Number of protein chains: 2
Amino acid sequence: MSSKIKIAGTIAEMKSLRREMRGSVGFVPTMGYLHEGHISLTRQARKENDHVVASIFVNPTQFGPKEDFKTYPRDIDRDLALLKDTTDVVFIPENAEEMYPPKYNTWVIVDGITEPLEGQCRPGHFKGVSTVVAKLFNIVEPTRAYFGQKDAQQAKVLQKMVKDLNMNLDVIVCATIREPDGLAMSSRNTYLNPHERKAATVLSQSLMLAQNLWQKGERDADIIRGKMTELINKEPLAKIEYVSIADDETLHELNTIDTPALVSLAVKVGKTRLIDNITLK
Amino acid sequence: MSSKIKIAGTIAEMKSLRREMRGSVGFVPTMGYLHEGHISLTRQARKENDHVVASIFVNPTQFGPKEDFKTYPRDIDRDLALLKDTTDVVFIPENAEEMYPPKYNTWVIVDGITEPLEGQCRPGHFKGVSTVVAKLFNIVEPTRAYFGQKDAQQAKVLQKMVKDLNMNLDVIVCATIREPDGLAMSSRNTYLNPHERKAATVLSQSLMLAQNLWQKGERDADIIRGKMTELINKEPLAKIEYVSIADDETLHELNTIDTPALVSLAVKVGKTRLIDNITLK
């Protein structure tokens, strides 16, 4: 571990720093505005690798035209302070053109698993995610890459991409980190005003409800979805986009929970779109 | 250079052999049924690298449903004999499932440059090519990969993919190798009966005509296309799919040849579809 964090602002600089590294490299791609969830990833990367690289890039191609690309929170100085104890190199493309120069025209597309849930609500989102992560993997050439379970479908899409394209790394999925009241950590939580912040606990509460019902033996997915929906609808600031109980591998919706299941949801709290999930198994 | 060629039948075997290699690796991906064109690539790879890897895989995803995937010529023993003086390792996936296992679902798509010419005649062709080559690049991790100018658009698509996705290798394009009468070498030439074989020289003859006109100062692309078309139409066994004079970088059709230009054509001779090209610059 180097005592001072190094910053690469261009792909060439990042590749050059990478060539100096011997041994294993752990990589944590982020969009910045880091929180304890991200740092749990760099900390795990630190434990498991000789070098740790993080990236900070608000990737325009994964945002829809009506989404929050322009307002996505940014604070690089704060991010660097948070990374300094775990991370050797931070790749911060100095502008979007560094990653998407004029005439950029290549896309990595994972079919199937990208279609439901986030893929249905955010058309083109996963095309942007898989493409930028494929590029980052080629630039950083990590031994292991770390993603949060909070974005469960994203992690599955990237695992599928790595497997299908025979990429030479392991994708490691780390537990969701939560605030004391259960809210999953997210850079977008900063959008919430105090009333919304309180209302936002309804996401994790509905997941705990699902887990309780399942632990008591309930296997009818519709009943659990129904009770989750009922709970969320009691919160006036919350508006459901989806409440899903799906096969944890295929993400096909389940009628009966007879296989490991991903319970996931997207809810708008005020104008802020939040997601969360748990696995039942 | 090892004295005996090694064969990898699985991705795991190929990756294992790759891990043993130190220094640079030249890679020549092929669909087998090799000819002097392929061997010119492995020979150049030999000159420029410490190790040479070739692959032989008739890639189903780059063939259309009505194309010649099933009848594509295959002769591995002959291929190995041709490779033995230049090549250290040959990756021959033992079946298509090795490359495309059940539930395979990830695609690399290059937009723009894939749309005209071969992309228009063979929908989905380049999606299959870019995907399989991305996979092969991840499996073989070459320093340099070698492709023939004969498939000019393919070479451009792969150069664009490597650039856009920040892959860590150079794509090197080598001159088309021709039979004494000018016919560009192709595994598909074996489909031609003696009459068709003779008729097939009309492709290179029309390219030579284009070059002569250009050398004499003709810059009107329509005039050159017209004279090429006229020449080919005199051959009763030949049926034009396209005759193109395009910007060598963008592949947009030109009116006036005021920039480096790719003159390319696809012609059916009997039932056999042949392509060829030259560059004017």
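Residues numbered from 1 in each chain as written. Chains lettered and ligands numbered in written order. Predicted model: local features only at pLDDT ≥ 70, side-chain atom pairs only at ≥ 80, totals over all residues.

Before going further, it helps to examine the relation of the copies chain B and chain A. The two copies are related by a screw motion: chain B maps onto chain A through a turn of 180° and a shift of 0.0 Å along the axis, at an RMSD of 0.0 Å. Taken together, the turn and the small shift mark the pair as related by a two-fold rotation axis. Every residue of chain B has its C-alpha some distance from the rotation axis, and the shortest such distance is that of Val108(B), at 2.3 Å. Of the interface residues in chain B, 100% have counterparts in chain A that sit at the interface too, so the contact is made through matching surfaces. (Least-squares fit on C-alpha atoms with pLDDT ≥ 70 in both. Contact = placed C-beta atoms within 7 Å.)

Residues and elements named next belong to chain A. According to the domain assignment, chain A consists of domain 1 (6-174) and domain 2 (187-280). Taken over C-alpha atoms, the centre of domain 1 sits 26 Å from the centre of domain 2. Each partner contributes residues to the interface: domain 1 has 11 residues there, and domain 2 has 12 residues. The class makeup of the residues in the side of domain 1 that touches domain 2 is eight nonpolar, two polar and one charged. (Domains from an automatic or database assignment. Nonpolar A, V, L, I, M, F, W, Y, C, P; charged D, E, K, R; others polar.)

A word on the pairing of strand β6 (residues 144-148) of chain B. Across a regular strand the side chains alternate sides, sitting on one face of the sheet and then on the other. Residues and elements named next belong to chain B. Among the five residues that make up β6, four are buried, leaving the element largely enclosed by the rest of the structure. Looking at chain direction, strand β2 (residues 25-30) and β6 are connected through two bridges and run parallel. Along β6, the bridge assignment pairs Gly26 with Arg144. Sheet analysis places β6 next to strand β7 (residues 170-174), joined by five bridges and oriented parallel. Bridge assignment links Arg144 to a residue of β7, and that residue is Asp170. In this view, the connection linking β6 to its parallel neighbour β7 by way of helix α7 (residues 152-164) has right-handed handedness. (Buried ≥ 20, exposed ≤ 12 C-beta atoms within 10 Å, placed from the backbone. Helix = DSSP H or I, 4+ residues; strand = E, 2+ residues; numbered from the N terminus. Pairing = 2+ DSSP bridges. Right-handed = clockwise from strand over helix to strand, strands pointing away.)

Turning our eyes to something else, we now look at the interface of chain B and chain A. Between chain B and chain A, the contact holds 21 residues from the first and 21 residues from the second. Taken together, the elements giving at least two residues each to the side of chain B that touches chain A come down to β5 (106-110), α6 (125-140) and α7 of chain B. Top contributing element to the side of chain B that touches chain A by residue count: β5(B), with five residues. In terms of residue class, the side of chain B that touches chain A is made up of 11 nonpolar, six polar and four charged. Note that strand β5 (residues 106-110) of chain A and β5(B) share five bridges and pair antiparallel. Its bridge partner being in β5(B), Thr106(A) is matched across the sheet by Val110(B).

The next point concerns the environment of Asp79(A). All names here are of chain A. If you trace the backbone, Asp79 turns up in helix α3 (residues 76-83). Distance from Asp79 to Thr143, taken between C-alpha atoms, is 23 Å for residues 64 residues apart in sequence. Apart from residues no more than four positions distant in its own chain, Asp79 is found in contact with Gly32, Tyr33, Leu34 and Ile56.

All names here are of chain A. The buried fraction of strand β2 (residues 25-30) amounts to six of the six residues, a majority that puts the element mostly inside the structure. Of the two faces of β2, the one holding Val25, Phe27 and Pro29 and the one holding Gly26, Val28 and Thr30 are both buried throughout. Sheet topology places β2 next to strand β3 (residues 51-56); six bridges connect them, and they run parallel. Looking at β3, one finds that Pro29 is bridged to Ser55.

Before going further, it helps to spend a moment on the nonpolar core. Val140(A) and Val140(B) are the most contacted members of the largest nonpolar core, which has 149 residues in total. Setting aside chain neighbours within four positions, we find Val140(B) in contact with Met14(B), Arg18(B), Val25(B), Phe27(B), Val53(B) and Phe91(B). (Core = buried A, V, L, I, M, F, W, Y, C linked by C-beta atoms within 7 Å.)

The subject of this paragraph is the sheet that holds strand β9 (residues 261-269) of chain B. Residue and element names in this part refer to chain B. On the basis of which strands lie adjacent, the open sheet formed by three strands has the order β8-β9-β10 and antiparallel pairing. With partners counted over all chains shown, the strands left at the sheet margins are β8 (238-247) and β10 (272-280), one partner each. For this sheet, the mean inter-axis angle between neighbouring strands, taken without regard to orientation, is 15°. With nine bridges connecting them, β9 and β10 associate as antiparallel partners. Opposite Leu265, over in β10, you have Asp276 as the bridge partner. Running over the sheet, helix α9 (residues 201-215) touches β8, β9 and β10 and is turned about 20° from β10. Sitting on the sheet, helix α10 (residues 221-233) is in contact with β8 and β9, with an inclination near 160° to β8. (Axes fitted to C-alpha atoms, helices over the stretch in contact; angles between N-to-C directions.)

Another aspect to go through is helix α7 (residues 152-164) of chain A. All names here are of chain A. For α7, spanning 13 residues, the distance from its first C-alpha to its last is 18 Å, which sits close to the expected 18 Å at 1.5 Å a residue. In terms of burial, α7 is a largely internal element, 10 of the 13 residues being buried. Residues of α7 that are buried: Ala152, Gln153, Gln154, Lys156, Val157, Leu158, Lys160, Met161, Val162 and Asp164. Where α7 ends, the next residue or the one after it, Asn166, has phi of about 60°, a positive value. (Expected span 1.5 Å × (residues − 1).)

All names here are of chain A. Spatially, β1-β4-β3-β2-β6-β7 is the arrangement adopted by the six strands of the open sheet, whose pairing is parallel. In the strand order of this sheet, the two ends are held by β1 (6-8) and β7 (170-174), each with one partner. Mean inter-strand twist for the sheet, computed between neighbouring axes without regard to direction, equals 25°. Against the sheet, helix α1 (residues 11-19) makes contact with β1 and β4 (89-91), and its axis sits at roughly 135° relative to β1, the strand it touches most. In the packing of helix α6 (residues 125-140) onto the sheet, contacts are made with β2, β3, β4 and β6 (144-148), and the angle to β2 comes to roughly 145°.

Next up on the list: the confidence of the model for chain A. Per-residue confidence for chain A gives a mean pLDDT of 97; residues scoring 70 or more make up 99%. On the interface metric, ipTM, the complex scores 0.97, and its pTM is 0.97. (pLDDT = per-residue confidence, 0-100.)

Before going further, it helps to examine the packing of α9(B) against α10(B). Residues and elements named next belong to chain B. Between α9 and α10, whose axes approach to 9 Å, the crossing angle comes to 150°. Between α9 and α10, the angle is such that the two are roughly antiparallel. Relative to α10, the crossing made by α9 is right-handed. Each of Val202, Gln205, Ser206, Leu209, Ala210, Leu213 and Trp214 in α9 lies in contact with α10, whose residues at this interface are Ile224, Lys227, Met228, Leu231 and Ile232. Residue composition of the contact of α9 with α10, grouped by class: nine nonpolar, two polar and one charged. (Parallel < 35°, antiparallel > 145°, perpendicular 65-115°, else oblique. Left-handed = near helix turned anticlockwise from the far one by under 90°.)

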